[in-house]
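Residues per chain, in single letters:
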Amino acid sequence: MAGRHKNRTFRIVTVLILLGIGALLFFILNLCIGSVHITLRELTGQEGSEMVRKILWDIRLPRAAAVLILGGALSLAGYLLQTFFNNPIAGPFVLGISSGAKMAVALVMVFLMGRGVRVSSAAMILSAFFGAMLSMGFVLLMSRKVNNMSMLVVSGVMIGYICSAITELVVTFAEDADIVNLHNWSRGSFSGMTWENVEVMAAVVSVTALLVFLMSKPLAAYMLGDAYAKSVGVNIRLLRVCIVLFSSILSACIVAFAGPISFVGIAAPHLVKKLLHTAEPIFMVPACFLGGSVFCLFCDLLAKTMLAPTELSISTVTAIFGAPVVLWVMVSRRKESHA
C-alpha cells in the first residue's frame, strides 16, 4: 500500500514538472519563432539589434504571456464546468458561455467605438462577464428541464448559435473600419496583445485560480455526491455559486482579450486527468492550468507558422487537436456504460 502511494506521488510530481517544463519550452519557442527568427543569444540580450528587442518586448513577450495565462484559465474553466455539470464534454465553448461573452463584448465595442470612446480592458472583462453569466443562466435553466447529458450539450450549442448570430448581425452593420476588424477577434486570436492587457488578465486570472485551488477540498467532496459533501460540512449552494462565478470570470477574461477559443476547455482537463491517473482537485487544478498553457502555446505556435506569413485563427488549430480528444472521451464513456 505504501509502495503504491509512493508511486502515485512520484507520478503526480513528475507530470507537474513535465508540464512546467513543456510550458517553459513552448514559451521560449513562441518568442524565437516567427517572421523574424530570434536566436537564444538575442533572446538573452547578449546580441541583437534595437529592432529585435522591440519585436521581443512589444509583440512576442506580451503575446506569449497572454497565451500562457489565458490557456491555463480556459482549461481551468472547462474543468470547473465539467465538475459542476458532471458532464465530460462541458466547456465554455460547447455550452455557449464563450459565445455569450463574445456577444456582450461585441455590443459594447460597437456601441462605444462607434462614438469614438476607447474601450478599456476592465470594461471588456465586465461586459464579457455579463454575457457569460447570461448564457450560463440559460444553461442552468435548461439543466433543470433536461436530465439527458446530450440534450444539455445541444441546448448549449443552440445558445451559442443564437449569441453568435446576434454578434455577426451587429458586426455586419458596423461601418467603422476598426469595428469591422472585430471579425478577426470573433474567430479567436492572441495577436495585438499589450502589456496593459497582460497586467489586467494576470491579476484577474491569478486571483481566481488561487481561489479555485483553495476550493480543492470542498470540490473533492462535491465530486463524491451531494449527500457526502453535506455530511462533511460543505455548503453545497455556496460551492455551486462559486463554481459558476469563477468559471464565468475565467471565460470572460479569455473572450475579452482573445475571443472565443474552442475545445481547449474540454480537451486539456481530460488529457491531464489521463496523465495524472487521478481526478483529485488539489492536483487537477494546477495540472489543468499548466496543461491548458502548454496546449495553447503549442497551438498558437502552429497558428503563426503553418501558413506563414498568413496567420490562422487559434480556434482552427485548437479544433484540429481538441476535437479528436472530445470524440475519444465520448467513445470511451460509451464503452464504459456498456461494460
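Everything below is about the structure printed above this text.
Values in this document were obtained by computation on a predicted structure and should not be read as measured data.

Enquirer: Is there a simple way to explain the overall build of the protein chain in this structure?
Expert: Check the secondary structure of the protein chain and you find 15 helices and zero strands. For the protein chain, long-range pairs separated by at least 24 residues make up 77% of all intrachain contacts whose partners lie at least 6 apart in sequence. Looking at the protein chain as shown, the accessible area adds up to about 16,800 Å², and 68% of this sits on carbon and sulfur atoms.

Enquirer: Hey, could you run me through the pattern of salt bridges in this one?
Expert: Opposite charge on two side chains lets them pair, provided their charged atoms get close. If you walk through the whole model with that rule in mind, you get six salt bridges. Members of the salt-bridge network, linked through shared partners, are Arg63, Asp300 and Glu311.

Enquirer: Can you help me understand the environment of valine 67 in this one?
Expert: Secondary-structure assignment places valine 67 in helix α3 (residues 50–85). In contact with valine 67, other than residues within four places in its own chain, are Phe190, Cys296, Leu297 and Asp300.

Enquirer: I'm lost on the packing of aromatic side chains in this one. Help?
Expert: Pairs of aromatic rings are described using the distance from one ring centre to the other and the angle between the two planes. Using the criterion set out here, one finds five aromatic pairs in the structure. Residues phenylalanine 26 and phenylalanine 298 carry aromatic rings whose centres are separated by 5.7 Å and whose planes lie at 65° to one another, so their mutual orientation is edge-to-face. Of the two residues, phenylalanine 26 sits in helix α1 (residues 2–32) while phenylalanine 298 sits in helix α14 (residues 281–305), which places them 272 residues apart along the sequence. Phenylalanine 26 gets classed as buried once you look at its relative accessible area, which sits at 19%. Assessed through its relative accessible area of 29%, phenylalanine 298 is described here as partly exposed. Between phenylalanine 84 and phenylalanine 85, the ring centres sit 4.9 Å apart and the planes meet at 85°, which makes this aromatic pair edge-to-face.

Enquirer: Could you clarify how one ought to interpret the nonpolar core in this entry?
Expert: The nonpolar side chains of a soluble globular protein tend to be buried with one another. By size, the foremost hydrophobic cluster in this structure holds 91 residues, and its most contacted members are Leu70, Phe85 and Phe257. Discounting chain neighbours no more than four positions away, the residues touching phenylalanine 257 are Leu70, Ser121, Met124, Ile125, Trp185, Ser189, Met193, Asn197, Val200 and Met201. Of all hydrophobic cores here, the second largest spans eight residues; its members include Ile89, Ile266, Val325 and Val329.

Enquirer: Looking at this structure, how should I read a nonpolar patch on the surface?
Expert: Together, Val207, Leu210, Leu211, Phe213, Leu214 and Ile282 make up an exposed nonpolar region whose accessible area comes to about 550 Å². Examining the composition of the nonpolar patch, we find that five residues originate from one element, helix α9 (residues 195–214), more than from any other. Turning to its location among the elements, leucine 211 is positioned in helix α9.

Enquirer: Honestly, the side chain of serine 189 in this entry has me stumped. Any pointers?
Expert: Looking at the element boundaries, serine 189 is found in the loop between α8 (182–186) and α9. Serine 189 sits in the buried class, given a relative accessible area of 15%.

Enquirer: Sorry, what's going on with the side chain of serine 293 here?
Expert: As for its placement among the helices and strands, serine 293 is situated in helix α14. Judged by its relative accessible area of 1%, serine 293 falls in the buried class. Aside from chain neighbours lying at most four places away, what touches serine 293 is Leu68, Gly71 and Gly72.

Enquirer: Looking at this structure, I do not really get α3. What am I missing?
Expert: Residues spaced three or four apart along an α-helix face the same direction, because each turn holds 3.6 residues. Between its first and last C-alpha, α3 extends 51 Å over 36 residues, near the 52 Å set by a 1.5 Å rise per residue. Along α3, the sharpest change in direction is near 40° and occurs at arginine 60; proline proline 62 comes one to four residues later. Most of α3 sits inside the fold, with 27 of its 36 residues counted as buried. Backbone geometry just after α3 places asparagine 86 at a positive phi near 50°.

Enquirer: What am I meant to see in the packing of helix α13 (residues 264–276) against α14 here?
Expert: How two helices pack is summed up by the angle between their axes together with the distance between the axes. Contact pair α13 / α14: the axes reach a minimum separation of 9 Å and the direction vectors enclose 120°. Taken as axis vectors, α13 and α14 run oblique relative to one another. When you trace α13 past α14, the crossing you get is right-handed. Across from Val264, Ala268, Pro269, Leu271, Val272, Lys273 and Leu276 in α13, the residues of α14 making contact are Phe283, Met284, Ala287, Cys288, Gly291, Gly292, Phe295 and Cys296. When the residues that make up the contact of α13 with α14 are grouped by side-chain class, the tally is twelve nonpolar, two polar and one charged.

Calculation notes
- Residues numbered from 1 in each chain as written.
- Predicted model: local features only at pLDDT ≥ 70, side-chain atom pairs only at ≥ 80, totals over all residues.
- Heavy atoms only, no water.
- Helix = DSSP H or I, 4+ residues; strand = E, 2+ residues; numbered from the N terminus.
- Contact = heavy atoms within 4.5 Å.
- Areas by Shrake-Rupley, 256 points an atom, 1.4 Å probe, with all protein chains shown as cover.
- Salt bridge = Lys/Arg side-chain N within 4 Å of Asp/Glu carboxyl O.
- Phe/Tyr/Trp six-rings, centres within 6.5 Å; stacked < 30°, edge-to-face > 60°.
- Buried < 20%, exposed > 50% of the residue type's maximum accessible area, 1.4 Å probe, protein only.
- Core = buried A, V, L, I, M, F, W, Y, C linked by side-chain atoms within 4.5 Å.
- Patch = residues over 30% accessible without salt bridge, like charges linked within 9 Å, V, L, I, M, F, W, Y side chains within 5 Å.
- Expected span 1.5 Å × (residues − 1).
- Bend = angle between axes of the 7 residues up to and from the residue.
- Axes fitted to C-alpha atoms, helices over the stretch in contact; angles between N-to-C directions.
- Parallel < 35°, antiparallel > 145°, perpendicular 65-115°, else oblique.
- Left-handed = near helix turned anticlockwise from the far one by under 90°.
- Nonpolar A, V, L, I, M, F, W, Y, C, P; charged D, E, K, R; others polar.

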